[in-house]
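These are the residues of each chain, in order.
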Amino acid sequence: MHILQKIGLAILIAAIGLFILSLGLNSYQLQEETLYTESDFHKAELLKAAENQGILNETYGNNISFIKAIKSLCKEAQKSLEAQAANGIPEGVGEWDYKLGDWKIKDYVFQTTKASGVGFVSRNTLTLLYTIFGLGIFGALLYIIPLFQKLPGIKNDGIYHSSMTRGLTLNWRTFFLITTTIGLLLYGVMYMGSQVFWPLVTLAVIGLIVYLVYFREKQKDKIPPKSASPDVTAWFGIITGILLIGFYILLYWKPEYITNWIVLVDPVSEKLSGNPASNWFLYGFLYTIIVIVMGIRMIAKYRHNKYQIFRTFSVMFFQTAFAFLIPEILVRLNQPWYDFKNIWPLNYNFFFDYNLDTLTSSGSMGLFMLFWGIILILIGVPVITYFFGKRWYCSWVCGCGGLAETMGDPYRQLSDKSLRAWKYERYIIHGVLVFAVIMTLLVLYSYFTGNKNILFMNSDTVRTWYGFLIGSAFAGVVGTGFYPLMGNRTWCRFGCPLAAYLGLVQKFKSRFRITTNGGQCISCGNCSTYCEMGIDVRWYAQRGQDIVRSSCVGCGVCSAVCPRGVLRLENGTVDMDNRAEETRVIHISEDEVSLIQ
Amino acid sequence: MNVVIIGNGISGVTAARFIRKLSDHQITIISSETAHFYSRTALMYIYMGHMRYEDTKPYEDWFWDKNRINLVYAHVEKVHFNEKKLILSSGNDMNYDKLIIATGSKSNKFGWPGQDLEGVRGLYSKQDLDYMEAHSKGLKRAVIVGGGLIGIEMAEMFASRNIPVTMLVREQNYWDNVLPPEESKMISKHILDHHIDLRLGVNLESIKDNGNGVACGVKIKETGEEIPCQYVGLTAGVSPSIDFLKDSELNTNRGVIVNEYLATNIPDVYAIGDCSEHSNPAPGRRPIEAIWYTGRMMGETLAHNICGNKIPYNPGIWFNSAKFFDIEYQVYGDVLAKPPENHASLFWMHEDGTKSIRIVYDKNSEEIIGFNLFGIRYRHEVCEKWIREKTLLSDVLQNLSLANFDPEFYDAYEKEVLALYKKQTGKQIELRGKRNFNRVLKFLKN
Ligand SMILES: Cc1cc2nc3c(=O)[nH]c(=O)nc-3n(C[C@H](O)[C@H](O)[C@H](O)COP(=O)(O)OP(=O)(O)OC[C@H]3O[C@@H](n4cnc5c(N)ncnc54)[C@H](O)[C@@H]3O)c2cc1C
Ligand code: SF4
Ligand code: SF4
């Protein structure tokens, strides 16, 4: 490693360390004006409770004790309001403007904590913002820029020697997967207010899928290859994975504990949209920075390959402009926050009542957004996928794909290529698509009829569970947290319902395929190893068969890493309906080949 | 019928797979190298950390069971052809009805003094790779003897771990016994760009012993120079690995002699792949071709023959590929280092010195003979069709985009090649259309 790279890495790690440390570098003081409420009754009651408990103007050295105190305030206020409400709610006041609901408490705790910071972080937001992100970006670039000096070519040296990228053995991977799944389901029970029904249904579905894969698909004895490293040796990878998992849990479900981070990006948010930052703004901000910085790394790594360069610029652009800047600017212009490239069912709340209400009540712009979203689903996806395959979205436009192709690139080799994994993939991803469709239909049914209960299902509960299980747990916690454990496309491959939809089009009606170059394949396996979707590309390449797989996101990396120039991504109509057949195999012994079949 | 195959490389495995496709015969594959088939061509990637050993296996481990291919991990010590019996290292016997010898190659050693010292080894098998790995720690320099395809891979392997490498190459330029001079120079330069200490036109005299039976340096014959090193890679070619078959009634020369049906002189005994030597090779082909795809083709052809479809082995038009550090190489047809009188060629090279196109044609008839490509990919089927149909050079040039197999958005150089042709000949021809996959398919289909 270049000395500059080492320095860069050290600076980057220091910046990340400071960023994490900053979570504990603030103190908090509840004041009348920092107590956030949306109703005067709540405010009065909470202040009374604060006085009772002696919390007002008290300084807390860390957010854990502060949040605990605020929560206990809310509980007291909630109880007392509940009791008072039993004696009757004043004329003309809504029930939940009077009583204090659990979901409100969540928001109050978050907003109050964010507003009550008085310590080091709150006093030095700008300095910290510049130091952490400035240093972080500087360090990362210092690490990346020397890569441009190397001779252009494939740069995979040492990937399986690095503790960051070599992945786990099958057993350890299974252990992490099961622990995470169970942990998330248990948390889900809490999240659903102790309702066990949907978590149990989920568990049953998981059991069913395991059963189907093991017995119906006869995969029980087809043990996938074990890793070559006999032990858990990917320690850096595991630590990274755990940090990412922790980050997502805080971001989605416990944002009150990361208010220091959100305070840091307040100035940026105010510049862009005029509003203070939320946890989602923080996420978008980090996401965009990472996609850009790691995008530069991707370009350095593949600078001999124009397909990779163009594609990487594309995801960097769509993330920065479409996912981050444009929505914030829309808000500044008093329009709804809208990401023009996010498509249902990935964008699962597109048909939720609040979104439909916002769009239909925001004038012509809102209606256009609604129209645009529906056109993309019904016409955009099938037509563009017909012409170019699902890659147009998954590895050129999508934000999840963008992160996978930039931050996730060092982990692409960790996808599981076994037949068993493929069987799992097909059940799980299509299962999620079915879940997304049912959930959306329920929500729309309720929207138009006002009736929330259909059969044994309540559309509110179903959509909350979908949001928790798929929208947050799968897409975020597992999807990104598992980059160093199961590869960078875990979500895209196993979970994304839009990918499932795009994949169906790609498989059944598309010009796209990967062609193989006659008899040149030497079965080396580079293509399969670096296929982030876990496609065993070699299986097809060595028999001269075109690759037509619904999961292929057309990242082009198999073609890039092939040392013999065997693979090419193509669009063509001539043999569109028999793309997947072995007929174009031009073997060697050409005349003899007709004998086989 | 009980078919036994010695060797689980690409030849043996392909034979087994196709016999299974075509029949219900009992199939057994014996090998003493690894328990399962892996891709020898990927050995370098394991060392460089691009892949794990597991990733080099083209089939998952359950594949063999499922296809009822019986794997035996043992060494065949001896074959009693008249009893149709094998003697295994385990001491067991094994009978066969038909025997396929697919034992591959071994690294050449030319009797250099010190060639059996510790820290001196070829690179052919998984064991060789493990040996290399075990000796890599603390290496201050490695010397590679021989400048073929495996030699340059070994250089790249050491270089990937920042171990300084000296390459001793007998030729005046890298691989110039196979490559035309321009290409050979280009690759020599590329090797130097990768900071390999490339010594051209030199031979190994001896390998020095440090007194404990461990190599500590080499001596160059021409200059007498001594180069200290802790590892010596012997990559001066390979030869058939058939020692255990010598002194039997089996007809062997360098390899096991076979006819066009891959049969040996003994009934029910066949040989395929690296270890076979063709008594009557197709015109323009060598008796022993130690490459991947010929092994695969022989395996497939033999499966047909064993299953009752009598087909002669026909490797078709020569092609091959390799990669020299970052430069990919593809060849279709006959492109020779020392071309015969009637061969002429159009040679274009990119100014960055890492890409070139050579199109060889017949001087008199202008029929196309071959393509040599560096840093540029061409489509096998298209090139093959042109060569087979003896297409005229001008036709090929006008349609050159049909052959382009580079990834999307890559710069295309067809125009430049054409311009060069026009400049050299004064002829006026134009390119017909850009790269378009539909055109390619239509071209191939008629
Ligand atoms: C490093 C390297 C890179 C290469 N790269 C390329 C390339 O890029 N392109 C290309 O075309 N070719 C390449 N080759 C050559 C190619 O790998 C060989 O041509 C091919 O593997 C030969 O296959 P085979 O099935 O004939 O024999 P092998 O693959 O050698 O298989 C024979 C097997 O039989 C076993 N065996 C031998 N004797 C016995 C016995 N008595 N009992 C039990 N088992 C026995 C051996 O251990 C071996 O496992 C490369 C070779 C090497 C070493
Ligand atoms: S990387 Fe290329 S040569 Fe290697 S297995 Fe894949 S297609 Fe074949
Ligand atoms: S098959 Fe190739 S292009 Fe498709 S996802 Fe895998 S690596 Fe990317």
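Each chain has its residues counted from 1, running along the sequence as written. As a convention, the first chain written is A and the first ligand written is 1, with the rest following in written order. Local features in this predicted model are restricted to residues of pLDDT 70 or higher, and side-chain atom pairs are both shown and tallied only at a pLDDT of 80 or more, whereas totals for entire chains, interfaces and linings draw on every residue. Side-chain metrics rest on all non-hydrogen atoms present in the structure, leaving aside hydrogens and water.

Caption draft 1: How the structure looks around the sheet that holds strand 15 (residues 226–228) of chain B. All names here are of chain B. In short, DSSP must find at least two bridges between two strands for them to pair. For helices the rule is a DSSP run of H or I covering at least 4 residues; for strands it is a run of E covering at least 2, with both sets numbered from the N terminus onward. Strand order in this open sheet of three strands is 13-14-15, and the pairing throughout is antiparallel. Either end of the sheet is taken by a strand with one partner, and the two such strands are strand 13 (204–209) and strand 15. For this sheet the average axis-to-axis angle between neighbouring strands, irrespective of direction, equals 25°. Inspection of the sheet shows strand 13 paired to strand 14 (residues 215–220) by five bridges, in the antiparallel sense. From the neighbouring strand, Lys 208 faces strand 14, where its bridge partner is Gly 217. Note on method: axes are straight lines fitted to C-alpha atoms, helices fitted across the in-contact stretch only, with angles between N-to-C directions ranging 0 to 180 degrees.

Caption draft 2: Structural context of the confidence of the model for chain B. Mean pLDDT over chain B stands at 96; residues scoring 70 or higher make up 100%. ipTM for the predicted complex: 0.97, alongside a pTM of 0.96. Predictor confidence is given residue by residue as pLDDT, running from a minimum of 0 to a maximum of 100.

Caption draft 3: Structural context of the site of ligand 1. Near ligand 1 you find 31 residues, and of these Arg 564 of chain A together with Ser 11, Glu 33, Tyr 124 and Asp 274 of chain B are the closest. Close to ligand 1, residues of chains A and B are found. Polar contacts, as used here, are pairs of N or O atoms within 3.5 Å; protein pairs need one atom able to donate a hydrogen and one able to accept it. Residues neighboring in sequence count only if both atoms are side-chain atoms. At 2.7 Å, a side-chain N or O of Ser 11 of chain B approaches an oxygen atom of ligand 1. Contact with the protein chains covers 94% of the free accessible surface of ligand 1, which is 990 Å². Broken down by secondary-structure element, the contributors of at least two residues to the shell around ligand 1 are helix 1 (10–22) and helix 5 (149–160) of chain B. Residue classes follow a fixed rule: Ala, Val, Leu, Ile, Met, Phe, Trp, Tyr, Cys and Pro count as nonpolar, while Asp, Glu, Lys and Arg count as charged, and any other residue, Gly among them, counts as polar. Here the shell around ligand 1 is built from residues that sort into 13 nonpolar, 13 polar and five charged. Domain start and stop positions are those given by an automatic or database domain assignment. Each of domain 1 (2–106 + 239–306) and domain 2 (120–236) of chain B accounts for three or more of the residues forming the shell around ligand 1. Consider each residue's heavy atoms; a residue with any of them within 4 Å of a molecule or strand counts as near. Using a 1.4 Å probe, the Shrake-Rupley method yields the accessible areas, and only the shown protein chains count as cover for residues.

Caption draft 4: Highlighting the sheet that holds strand 9 (residues 120–122) of chain B. All names here are of chain B. The strand order across the open sheet formed by five strands is 9-16-10-11-12, and the pairing between neighbours is parallel. Looking at strand neighbours, the two that pair on one side only are strand 9 and strand 12 (197–200), the edges of this open sheet. The sheet shows a mean angle of 20° between the axes of neighbouring strands, taken without regard to direction. Contacts are assigned to residue pairs that have any heavy atoms within 4.5 Å of one another. Along the sheet, helix 4 (residues 126–134) makes contact with strand 9 and strand 16 (231–234), crossing strand 9 at roughly 145°.

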